[in-house]
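This is what each chain is made of:
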Amino acid sequence: MFKTLKEDIDVVFEQDPAARSTFEVVLTYSGLHAIWAHRIAHALFKRKFFFMARLVSQISRFFTGIEIHPGAKIGRRFFIDHGMGVVIGETCEIGDNVTVYQGVTLGGTGKEKGKRHPTIRDNALIAAGAKVLGSIIIGEHAKVGAGSVVLKDVPAHSTVVGIPGKIVIQNGVKVGKRLDHTDLPDPTGDRFKELEKEIAMLKEELDAIKLKGAR
């Protein structure tokens, strides 16, 4: 148990350059508090103390802004950076050395029963605001870009960005156009551009009709 707690603290120092002291990390890092509360809630859940497990998780949510269902299975050295708005569903399975950022949802796509949340393999990274939905697999060392919505499996050693998520790097090789967090697909913006072009064409046609009538 103490080994696990120490690992949880150590990974904060490895991942967050702003961490200055163990005292500071233990007292002020909400992501760490949420993980520790989940370990208690999950132990209760496995022993079928479902109400107590859920109560612990909801108290943790109130204080940290991070909601982790007590049924979720989380591996070692899990790191939640900043954390506010993170949601992790009941049947989610998370491997070792996984990192998620604020606003991430590891959720379901409906009211289906059974395994309905994602499986996140070892060493994966889910960036800020990403939504990973359904009983899908995010492979080892995979990365999900900020703001992405992922509805299909992501192979190991791949980077996915966009809405819906598309693979842009696989095994270190670019797949199509490379996108980063400042160059994500914008369907709404693209539609506005199309409408602007259509309006410009209609204006040209109207001007041509007016000019023809004037003659």
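Model, not experiment: these values are computed from the prediction.

Details of the overall build of the protein chain
- Across its full length, the protein chain holds 5 helices and 16 strands.
- In terms of C-alpha radius of gyration, the protein chain reaches 23 Å, well past the compact-globule figure of 17 Å for 215 residues.
- Considering only C-alpha atoms, the protein chain reaches an extent of 90 × 35 × 30 Å along its principal axes.
- Per-residue burial for the protein chain yields a buried fraction of 38% across its 215 residues.
- A sequence separation of at least 24 residues applies to 30% of the contacts in the protein chain between residues at least 6 apart.
- Within the protein chain, the 25 negative side-chain charges are centred at a point lying 4 Å from the centre of the 31 positive side-chain charges.

A short note on the packing of aromatic side chains
- Evaluated as defined, the whole model comprises 2 aromatic pairs.
- Judged by centre distance (5.2 Å) and plane angle (90 degrees), the ring pair of F62 and F63 falls under edge-to-face. The same class applies to F62 as to F63, namely exposed.

Considering the pattern of salt bridges
- The tally for this structure, following the rule as stated, stands at 7 salt bridges.
- R116 is the salt-bridge partner of E90, the closest N and O atoms lying 2.6 Å from each other. Of this pair, E90 sits in the loop between β4 (87-88) and β5 (93-94) while R116 sits in the loop between β7 (105-107) and β8 (119-120), placing them 26 residues apart in sequence.
- Taking the relative accessible area as the measure of exposure, E90 reaches 25% and is therefore partly exposed.
- In this structure, K203 and D207 form a salt bridge, with 3.4 Å as the shortest nitrogen-oxygen distance. On the criterion of helical spacing, the pair formed by K203 and D207 is a turn pair, its members being 4 residues apart in helix α5 (residues 187-214).

A look at the nonpolar core
- Core analysis: the largest hydrophobic core is formed by 28 residues, its most contacted members being F78, I88, I94 and I138.
- Once residues lying within four places of it in the same chain are set aside, the contact partners of I94 are K73, I74, G75, F78, I88, L106 and I120.
- Of all hydrophobic cores here, the second largest spans 9 residues; its members include I9, V11, V12 and Y29.

Re the side chain of D8
- Tracing the backbone shows D8 in helix α1 (residues 2-15).
- When its relative accessible area of 1% is taken as the criterion, D8 is described as buried.
- Within polar-contact distance, the side chain of D8 engages the side chain of W36 at 3.1 Å.
- Setting aside chain neighbours within four positions, we find D8 in contact with L32, I35, W36, R39 and R77.

Some words on the domain arrangement of the protein chain
- Under the domain assignment used here, the protein chain contains domain 1 (1-177) and domain 2 (185-214).
- Put simply, the middle of domain 1 and the middle of domain 2, counted by C-alpha atoms, are 46 Å apart.

What to know about the packing of α1 against helix α3 (residues 30-46)
- Interhelical geometry of α1 versus α3 gives an angle of 155 degrees and a closest axis separation of 10 Å. In terms of orientation, α1 lies roughly antiparallel with respect to α3. Between α1 and α3 lies a crossing of right-handed hand. For the pair formed by α1 and α3, the contact residues are T4, L5, D8 and I9 on the first element and L32, I35, W36 and R39 on the second.

What about α1?
- Taking 1.5 Å per residue, 14 residues should reach 20 Å; α1 reaches 20 Å between its end C-alpha atoms and fits that length.
- Where α1 is concerned, the buried positions are E7, D8, I9, V11 and V12.
- In this structure, the buried residues of α1 make contact with α2 (22-28), α3 and β3 (79-80).

What to know about the sheet that holds β4
- Strand order in the open sheet made by the 5 strands is β1-β4-β7-β10-β13, with parallel pairing throughout. Either end of the sheet is taken by a strand with one partner, and the two such strands are β1 (67-68) and β13 (149-150).
- Pairing of β4 with β7, which is carried by 2 bridges, proceeds in the parallel orientation. Across the sheet, the residue bridging to I88 is L106, located in β7.

Conventions used here
Residues numbered from 1 in each chain as written. Predicted model: local features only at pLDDT ≥ 70, side-chain atom pairs only at ≥ 80, totals over all residues. Heavy atoms only, no water. Helix = DSSP H or I, 4+ residues; strand = E, 2+ residues; numbered from the N terminus. Rg over C-alpha atoms; globule rule 2.2 N^0.38 Å. Buried < 20%, exposed > 50% of the residue type's maximum accessible area, 1.4 Å probe, protein only. Contact = heavy atoms within 4.5 Å. Lys, Arg positive; Asp, Glu negative; His and termini not counted. Charge placed at Lys NZ, Arg CZ, Asp CG, Glu CD. Phe/Tyr/Trp six-rings, centres within 6.5 Å; stacked < 30°, edge-to-face > 60°. Salt bridge = Lys/Arg side-chain N within 4 Å of Asp/Glu carboxyl O. Core = buried A, V, L, I, M, F, W, Y, C linked by side-chain atoms within 4.5 Å. Polar contact = N/O pair within 3.5 Å; in protein donor to acceptor, adjacent residues only side chain to side chain. Domains from an automatic or database assignment. Axes fitted to C-alpha atoms, helices over the stretch in contact; angles between N-to-C directions. Parallel < 35°, antiparallel > 145°, perpendicular 65-115°, else oblique. Left-handed = near helix turned anticlockwise from the far one by under 90°. Expected span 1.5 Å × (residues − 1). Pairing = 2+ DSSP bridges.

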